[in-house]
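Each chain, letter by letter, is given below.
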Amino acid sequence: MDIYLARTQGFCAGVSFAIDIVEKAIEKYGLPIYVYHEIVHNTFVVDDFKKRGVVFVETLKEVPAGARIIFSAHGVPPSIVQEAKDRRLQVIDATCPLVKKVHRQATRFSEKGHKIILIGHKGHQEMVGTAGYVNPDNLYIIESKEEIKNLTIDPQEPVAYVTQTTLSVDESKEMIDDLHRRFPNLIEPARDDICYATQHRQDAVKELARICDLIIICGSTNSSNSNRLRETGEMAGVESHIIDSADDLDMSWFDNKSKVGISSGASVPKFIVRDLVYRIQALFPGSKVHHFDNPERHIVFPLPAF
């Protein structure tokens, strides 16, 4: 079995940023430390922090007044920021800087009174956060091309859009093309909202699909960017699966296969990929591992002072 590792592996800069903030907070302040929602969408990362005493909460009411709270990488709406102030919580913001960029763009569009179309997966924490920066009277949330025709907006009105950062690059382009056809004067963000890590990882899976007859994505099922990677492989015509760990491997996937490609979501620790490679090598002795250069190896977001 030939094993091809996607050129993007390990944490993206935004995930490293958020995880390092939790580590720094534990070191500086000790426990308890509270985190609003999962710091990133990966089972092993979250479970490790839980074992060490970090408390993850779904509402700020679960946090004692005056305690220290970390906002997750996915960001929060202004209402949560205000609630934290009202409860006198000591806030540390681990929102990915690229998500913050989308918040600023949404705020600018909203302040101009534009109708705003938010493209993404309804209910995802990042979407909830971004929606909070838009006047609700001017907000329209869509997650598929089919929903575009149901938008009740005058095509002549000023209409802008922003997107979730972890969408499928190809699918979002198709939706944006449809929006341009529906709204001739569509206003675009200053820069593409889909983050570099999402773009790189999807491009890397397309690269694997040209070589391999099986693709395995390491990532948790609640991870948007990990699911988009599996879909990218499938759309390229290659059998693709997502697993949380090597224990989820199904031997039947390897029937009549000779080249397996392995990629991972942006919040997946490198040891998950390493363990999967070891498992495949144990099943197929003599398997050769092929590597590519990682385009993200020098990208780092500086931590905030706290």
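For the structure, check the block above.
Residues numbered from 1 in each chain as written. Predicted model: local features only at pLDDT ≥ 70, side-chain atom pairs only at ≥ 80, totals over all residues. Heavy atoms only, no water.

Draft legend 1. Spatial organisation of the packing of helix α7 (residues 196-209) against helix α8 (residues 224-235). Interhelical geometry of α7 versus α8 gives an angle of 30 degrees and a closest axis separation of 9 Å. In terms of orientation, α7 lies roughly parallel with respect to α8. As α7 runs across α8, the sense of the crossing is right-handed. Touching Thr198, Arg201, Gln202, Val205 and Lys206 of α7 are Asn225, Arg228, Leu229, Thr232 and Gly233, all from α8. (Axes fitted to C-alpha atoms, helices over the stretch in contact; angles between N-to-C directions. Helix = DSSP H or I, 4+ residues; strand = E, 2+ residues; numbered from the N terminus. Parallel < 35°, antiparallel > 145°, perpendicular 65-115°, else oblique. Left-handed = near helix turned anticlockwise from the far one by under 90°. Contact = heavy atoms within 4.5 Å.)

Draft legend 2. Broad picture of the sheet that holds strand β7 (residues 139-142). On the basis of which strands lie adjacent, the open sheet formed by three strands has the order β7-β6-β8 and parallel pairing. On the outer flanks of this sheet lie β7 and β8 (159-163), each paired with one strand and no other. Across the sheet, the axes of successive neighbouring strands diverge by a mean angle of 25 degrees, strand direction being ignored. Sheet analysis places strand β6 (residues 115-119) next to β8, joined by five bridges and oriented parallel. Paired with leucine 118 across the two strands is valine 162, which belongs to β8. Lying on the sheet, helix α4 (residues 97-111) is in contact with β6 and β8; it crosses β8 at an angle near 165 degrees. Helix α6 (residues 169-182) contacts β6, β7 and β8 of the sheet and is inclined by roughly 160 degrees relative to β6. (Pairing = 2+ DSSP bridges.)

Draft legend 3. The arrangement of the nonpolar core in detail. Counting 31 residues, the largest nonpolar core has Ile39, Val40, Phe49 and Ile70 as its most contacted members. Secondary structure elements with two or more residues in this core: α1 (13-29), α2 (43-51) and α4. Ranked by residue count, the leading element in this core is α1, at nine residues. The residues touching phenylalanine 49, leaving out its near neighbours within four places in the chain, are Ile19, Val22, Glu23, Ile26, Ile39, Val54 and Phe56. Core analysis: the second largest hydrophobic core is formed by 19 residues, Leu5, Ile243, Val260 and Val268 among them. (Core = buried A, V, L, I, M, F, W, Y, C linked by side-chain atoms within 4.5 Å. Buried < 20%, exposed > 50% of the residue type's maximum accessible area, 1.4 Å probe, protein only.)

Draft legend 4. Inspection of the sheet that holds strand β1 (residues 2-5) at higher detail. Reading across the sheet, the five strands line up as β10-β9-β11-β1-β12 and stay open at both edges, with parallel pairing between neighbours. One side of each edge strand has no neighbouring strand; the edge strands of this open sheet are β10 (240-243) and β12 (288-290). When strand polarity is set aside, the average angle formed by the axes of neighbouring strands in this sheet is 25 degrees. Bridge count for β1 against strand β11 (residues 259-264) is four bridges, and the pairing is parallel. Along β11, the bridge assignment pairs isoleucine 3 with valine 260.

Draft legend 5. Main features of unusual backbone geometry. Cis geometry marks the peptide bond from leucine 31 to proline 32, where omega comes out at 5 degrees. Looking at the element boundaries, proline 32 is found in the loop between α1 and β2 (34-36). Although it is not a glycine, histidine 37 adopts a positive phi angle of roughly 70 degrees. Given a relative accessible area of 8%, histidine 37 falls into the buried group. Unlike most non-glycine residues, arginine 88 shows phi in positive territory, near 60 degrees.

Draft legend 6. Highlighting the pairing of β8. For β8, a buried count of five out of five residues is recorded, marking the element as mostly surrounded by other parts of the structure. The two faces of β8 match: Val159, Tyr161 and Thr163 on one face and Ala160 and Val162 on the other face are all buried.

Draft legend 7. Spatial organisation of α2. Taken together, the buried positions of α2 are Val45, Val46 and Phe49. Seen along its axis, α2 keeps its buried residues to an arc of 95 degrees; they face one direction. Of the surrounding elements, those touching the buried residues of α2 are α1 and β3 (55-57). Of the residues that open α2, the one with a side-chain oxygen 3.1 Å from the backbone nitrogen of phenylalanine 44 is asparagine 42. (Arc of directions from axis to C-beta. Polar contact = N/O pair within 3.5 Å; in protein donor to acceptor, adjacent residues only side chain to side chain.)

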